[in-house]
Amino acid sequence: MSSADLTSERDLPPERETSVRGDIAPERDGPRDTGMDDASLHRWLARTWRTPPGIIGALSSVDHKVIARRYLITAFLFLCLGGLNAVAMRIQLSGPQRGLIGPDLYNQLFTMHGVTMMFLFAVPIVQATGIYLVPLMVGTRNIAFPRLNAFSYWVYLSGGLFAWVSFALAMAPDVGWFAYVPLSGPEYGPGKRADVWAQMITYTEVSSLAVAVATIVTVFKQRAPGMSLDKIPLYVWALLVTSFLVVFAMPAVMITSTFLILDRLVGTHIFNPAEGGDALLFQHLFWFFGHPEVYIIFLPATGMVSAIIPVFARRPAFGHLGLVLSLIAVGFLSFGLWVHHMFATGLPKLGASFFTASSMLIAIPNGVQIFCWLATLWDGRPVIRTPLLFVFGFFFTFVIGGLTGVMLASVPLDLQVHDTYFVVAHFHYVLIGGSVFPLLAAAYFWFPKITGRMMSERLGRWHFWLAMIGFNAAFFPMHIVGLWGMPRRVYTYPAELGWGNINLFISAGAVLFFLSFVLFAFNLVHGALRGTPAGDNPWDAGTLEWATSSPPPGYNFARIPIVTNVEPLWAERGALPVATGLRVDVRELLVSTVAEAHPDIREKSATPSIWPLLAAIAVGATFLYSIFTPWAIIWGAAPIAVTLVGWFWPKADPEDEE
Amino acid sequence: MNQRPALDLTGLPTFGHGPRSPTWWGTLGFMALEGMGFALAAGAYLYLVTLWPNWRLSAPQPNHWPGTIVTLLLIASLVPNHILNGYAKRCAMRSVRIGMVVMSLLGLAPLVVRWFEFPALNIYWDTNAYGSMLWVLLGLHTTHLITDVGDTIVLTVLMFTHHGYSGRRFGDVGDNVFYWDFVVLTWIPIYLLIYWLPRLG
Ligand code: HEM
Ligand SMILES: [Cu+2]
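Owing to the predicted nature of the structure, the values given are computational and were not obtained by experimental measurement. (Residues numbered from 1 in each chain as written. Chains lettered and ligands numbered in written order. Predicted model: local features only at pLDDT ≥ 70, side-chain atom pairs only at ≥ 80, totals over all residues. Heavy atoms only, no water.)

Draft legend 1. Structural context of the overall build of chain B. Counting secondary structure elements, chain B contains five helices and one strand. Secondary structure of chain B in N-to-C order comes out as β-α-α-α-α-α. For 201 residues, the compact-globule estimate of 2.2 N^0.38 gives 17 Å, and the C-alpha radius of gyration of chain B, at 21 Å, exceeds that figure by more than 25%. Overall size of chain B, expressed as C-alpha extent along the three principal axes, is 75 × 45 × 25 Å. Here chain B holds 201 residues, and the buried ones make up 57% of them. For chain B, the share of sequence-separated contacts (at least 6 apart) that also reach a separation of at least 24 residues comes to 82%. Charge separation in chain B, taken as the distance between the mean sites of 11 positive and 9 negative side-chain charges, equals 8 Å. (Helix = DSSP H or I, 4+ residues; strand = E, 2+ residues; numbered from the N terminus. Rg over C-alpha atoms; globule rule 2.2 N^0.38 Å. Buried < 20%, exposed > 50% of the residue type's maximum accessible area, 1.4 Å probe, protein only. Contact = heavy atoms within 4.5 Å. Lys, Arg positive; Asp, Glu negative; His and termini not counted. Charge placed at Lys NZ, Arg CZ, Asp CG, Glu CD.)

Draft legend 2. Representation of the overall build of chain A within the structure. Per the secondary structure count, chain A includes 19 helices and four strands. Whereas a compact globule of 658 residues would reach a radius of gyration of roughly 26 Å, chain A reaches 26 Å, a difference of no more than 12%. Dimensions along the principal axes, computed over C-alpha positions, put chain A at roughly 85 × 60 × 50 Å. Put simply, chain A has 658 residues, and 62% of those count as buried. Long-range pairs, those at least 24 residues apart, make up 80% of the contacts in chain A with a sequence separation of at least 6. Summing over all exposed atoms, chain A offers an accessible surface of approximately 23,700 Å²; the carbon and sulfur share of this is 70%. Of note, chain A has its 40 positive side-chain charges centred 8 Å away from the centre of its 42 negative side-chain charges. (Areas by Shrake-Rupley, 256 points an atom, 1.4 Å probe, with all protein chains shown as cover.)

Draft legend 3. Examining the site of ligand 1 more closely. Residue and element names in this part refer to chain A. The full set close to ligand 1 counts 23 residues, and Tyr106, His113, Trp177, His428 and Arg489 are the nearest of them. Between an oxygen atom of ligand 1 and a main-chain N or O atom of Trp177, the distance comes to 2.8 Å. Between ligand 1 and the protein, one listed contact pairs an oxygen atom with a side-chain N or O atom of Arg488 at 3.1 Å. Mapped by element, the contributors of at least two residues to the shell around ligand 1 are helix H3 (64-93), helix H4 (103-137), helix H14 (421-451) and helix H16 (500-530). The residue inventory of the shell around ligand 1, partitioned by class, reads 16 nonpolar, four polar and three charged. (Near = heavy atom within 4 Å. Polar contact = N/O pair within 3.5 Å; in protein donor to acceptor, adjacent residues only side chain to side chain. Nonpolar A, V, L, I, M, F, W, Y, C, P; charged D, E, K, R; others polar.)

Draft legend 4. Main features of the interface of chain A and chain B. Counting from both sides, the interface comprises 80 residues of chain A and, opposite them, 64 residues of chain B. Both faces considered, chain A and chain B share a buried interface measuring about 6,200 Å² in area, 65% of it formed by carbon and sulfur atoms. At the junction of chain A and chain B, the tally comes to three salt bridges. The residue Arg4 of chain B makes a salt bridge to Glu572 of chain A at a minimum N-O spacing of 3.0 Å. Put simply, chain A and chain B have 22 residue pairs in polar contact (both at pLDDT 80 or more) between them. Counting only elements with at least two residues in the side of chain A that touches chain B, the list comes to helix H6 (193-221), helix H7 (234-265), helix H8 (279-313), strand S2 (576-580), strand S3 (588-592), strand S4 (599-604) and helix H19 (631-648) of chain A. Taken together, the residues that form the side of chain A that touches chain B break down as 45 nonpolar, 14 polar and 21 charged. Bridging between S2 of chain A and strand S1 (residues 3-8) of chain B involves five bridges; their strand directions are parallel. Bridge assignment links Ala579 of chain A to a residue of S1 of chain B, and that residue is Leu7 of chain B. (Buried area = accessible area lost by both parts, 1.4 Å probe. Salt bridge = Lys/Arg side-chain N within 4 Å of Asp/Glu carboxyl O. Pairing = 2+ DSSP bridges.)

Draft legend 5. Quick look at the packing of aromatic side chains. The full count for this structure, using the stated rule, is 66 aromatic pairs over all chains. Look at Phe445 of chain A and Trp539 of chain A: their rings are 6.1 Å apart centre to centre, the planes differ by 20°, and that puts the pair in the stacked class. Residue Phe445 of chain A is found in helix H14, and its partner Trp539 of chain A is found in the loop between H16 and strand S1 (560-561); the two are separated by 94 residues along the sequence. Exposure class is identical for Phe445 of chain A and Trp539 of chain A. Each is buried. Positioned over the ring face of Trp187 of chain B is Arg114 of chain B, at 4.4 Å from the centre of the ring. Taking the ring centre of Phe648 of chain A as reference, the NZ or CZ of Arg169 of chain B above it sits at 5.8 Å. (Phe/Tyr/Trp six-rings, centres within 6.5 Å; stacked < 30°, edge-to-face > 60°. Lys NZ or Arg CZ within 6 Å of the ring centre and 35° of its normal.)

Draft legend 6. Molecular detail of the coordination of the iron atom of ligand 1. Residue and element names in this part refer to chain A. Protein ligation of the iron atom of ligand 1 involves His113 (NE2) and His428 (NE2), the donor distances falling in the range 2.0 to 2.1 Å. Viewed at the metal, the six donor atoms of the iron atom of ligand 1 are separated by angles of 88 to 179°, and the geometry they form is octahedral. Note that His113 is positioned in helix H4 and His428 in helix H14, a separation of 315 residues in sequence. In this structure His113 comes out as buried when scored by relative accessible area, which is 13%. (Donors = N, O, S within 2.8 Å, 3.2 Å for Na, K, Ca; no water. Tetrahedral: all angles 85-135°; square planar, octahedral: opposite > 155°, others 65-115°.)

Draft legend 7. Up close: the confidence of the model for chain A. Residue and element names in this part refer to chain A. Of all residues in chain A, 94% have pLDDT values of 70 or greater, and the mean over the chain is 91. Low pLDDT, under 50, characterises residues 1-19; the stretch is placed with 41 contacts to residues that sit more than four places away or in other chains. Within the model, pLDDT remains below 50 along residues 654-658, and this stretch shows 17 contacts once partners closer than five positions in the same chain are excluded. (pLDDT = per-residue confidence, 0-100.)

Draft legend 8. The packing of H6 of chain A against helix H1 (residues 22-51) of chain B, seen in detail. Packing of H6 of chain A against H1 of chain B leaves a shortest axis separation of 9 Å and a crossing angle of 140°. Here H6 of chain A is positioned oblique relative to H1 of chain B, judged by the angle of their axes. Taken as a pair, H6 of chain A and H1 of chain B cross one another with a handedness that is right-handed. Residue-level inspection shows Leu209, Val213, Val217, Phe220 and Lys221 of chain A of H6 of chain A in contact with H1 of chain B, the latter providing Pro22, Trp25, Gly26, Gly29, Phe30 and Leu33 of chain B. (Axes fitted to C-alpha atoms, helices over the stretch in contact; angles between N-to-C directions. Parallel < 35°, antiparallel > 145°, perpendicular 65-115°, else oblique. Left-handed = near helix turned anticlockwise from the far one by under 90°.)

Draft legend 9. Region of interest: the side chain of Asn472 of chain A. Residue and element names in this part refer to chain A. Mapped onto the secondary structure, Asn472 falls in helix H15 (residues 457-484). Take Asn472: its relative accessible area is 17%, and that puts it in the buried class. A distance of 2.8 Å separates the side chain of Asn472 from the side chain of Tyr429, its partner in a polar contact. Setting aside residues up to four positions removed in sequence, Asn472 forms contacts with Phe396, Tyr429 and Pro477.

Draft legend 10. Representation of the sheet that holds S1 of chain B in the model. A sheet is described by the order of its strands in space; here three strands give the open sequence S1(A)-S2(A)-S1(B), paired in mixed fashion. A strand with exactly one partner marks an edge of an open sheet, and here the two such strands are S1 of chain A together with S1 of chain B. Bridging between S1 of chain A and S2 of chain A involves two bridges; their strand directions are antiparallel. Its bridge partner being in S2 of chain A, Pro561 of chain A is matched across the sheet by Val578 of chain A.

Draft legend 11. Layout of a nonpolar patch on the surface. Residue and element names in this part refer to chain A. A cluster of nonpolar residues, Trp465, Ile469, Val511, Leu512, Leu515 and Val518, forms a patch on the protein surface that exposes about 530 Å² of accessible area. Mapped onto the nonpolar patch, the elements with two or more residues apiece are H15 and H16. Of all the elements, H16 adds the most residues to the nonpolar patch, at four residues. The residue Val511 is located in helix H16 in this model. (Patch = residues over 30% accessible without salt bridge, like charges linked within 9 Å, V, L, I, M, F, W, Y side chains within 5 Å.)

Written as structure tokens, this is what we have:
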């Protein structure tokens, strides 16, 4: 399709239909980018799109890149905290009957570890990567609903702090990351610990949901001209499907945590079998979320792999359509599977075999993805750099995790190893193989786009081998102790069982694995300060994020690129076609049609505002207070309403509003 | 990277109604996730119903009259709501202002009746799980009602200021209409679950 006829078939309605009686102010016009020379264009856009100076300015920022950077750093810090928890647990378990950590602290440690890894690290970091990359990859100037995006970060931060402060005060949840009732219910979970779990969950879900909606709308409505559905990059597809999973799965965990806090705080009986409630209801609701959650973490990782492999294989991804369809299929299937987490609860037989079958079905689209990746590599001329190494690490680890997953999907085996270290081994292979290794690949790959500098390749290789060896040394033997019968969530074990040596080995592996992250952190800091300057497109990649400078300016693209191919930068080696005609004195961005991405509207994007932060503070304070009294909701409603009105209310100049 | 201008966006409008506008899609997204929450809460209720042959757990029947009045008010409000949508599409300021005032009042009215709905359930939330679920379902919907009415009132005030004279604001009115439809439609199944399901058992 030639870019010139992108708008030709459109029947644009007259611009201002009914201003005859002056019902809307006539549009004021301003300078446009058409025909403007590059230097003055840059000056205009830089001023219009900058984040205001000073502390208040920084706190008001609505630039998706600024917010994504904060998100990424915060999530990485939570990873380190969760990792420290893990190391502490492993030191305690490194020999029989060690007296370092008692049962009470141990319970808090594994709960905080699981909660931190799942809710404060894994989901936020994949969403944060999306917040950074999706707008750049679809060729727009900011994410949809930038203030909502800022709000979601502040909510996430306050939720994480809330959990960790409670840990410092020895008030952390101690009921496991999925906090089953009746253990977490009013009867067996006195104090405020399970309430902390419940409210923290609600916080992080609020933030994930907001990001998911913003991501969906960005992909639907803000794609560059010409980026029809078949030209959307695979990573963007992955984030789109993930966002749908968030929208349909996360409400389940919000309902679970809300029911739990109601039972605890105001005496409802939803999970109380003695008064007509049901404890298993908790598990159904929780795993209706919990299983898709695994794919919420995993699908973006496959999107990263699909973005990285073609670049290093030096050819477009094999089977683009197949990859897209697999993503969508996994998204759908992931909702049918929650019951396989509940085989040990005595469900009817037929139900169990149905869920076994569908657990195995999901292996098909996953297999298709792996086949397409291998075919891409096979047919290309792979250049092995650190990102690709981590992709190989992902293949290896994830396949092992997948195999033990198929084993667990069979009911007899599941009953045998239920709640042993076999399960701990399995899900770390899946989670770390399926998500952490791709994330590390992505970190090396996109680091130059974020900082403008390269990370050290030599340190990267060291990091990779240290991580692979440490990881497998820590987690492979867990399968074995699991089969021997070592239960999970125990703070120690007697010497007679003979589990001492292997546990020592596991712990040494865990420390090694942790150290690999210390090396990574060093490489990050070193790269950001001293790395060699990267240039716009250091890997010679083909997607739009590499069409702008590294790091990108506040406005992302001086002129909106036009897309003619899945890898526009490979297809248009000479000169990238661009669209002109947007205003440069206000934050104008292009809104396009959903399927074809035809240009449709020029719309203003939100200006910086402190209100999202204030709203998040009001929401956070309300939640915090609500673990003590239900009246908090009543008292909190007023400040929340005030901040929301402040956020919504336009500034003095109607041209300048959200 | 070198560039070549190939497309001119100058003539595009600066706002659009309905699915043309990103805000409409955002509203739809929130309706999807809130709808999912409603569906799951209703599912949890039905799940408990199937567990207990004598659902209602020997509690008295709820009095359905306040709930029925709310239902009628909500359904009636759909008519002016859609008339308002037409005004918003045509950016007709005077009519939109009237419509917004009407819709604010029609939002407050069911809230007043809602106040009497809670005691009419004839059971407290902490009596048993049946009572808990009734209060949860009604509470969930009431929260949506309150937030949407609050939103409508703020937007009404806004439309009486000079900020109202902008295409974007008329788009906001359209989205407000859209969201109100959602609040009304989600009520119908909840109404049936709260008042008519317990009568079956
Ligand atoms: C340094 C790396 C890590 C080590 C050494 C480690 C170690 C452990 C150990 C020993 C347990 C079991 C505790 C017990 O049952 O007594 C555990 C549980 C868990 N881990 Fe990890 N882990 C690591 C990284 C991760 C990561 C990256 C994730 C997720 C992305 C994760 C998610 C979980 C979850 C969800 C649990 C279950 C917690 C619970 O039972 O409530 N872990 N981890
Ligand atoms: Cu699962």
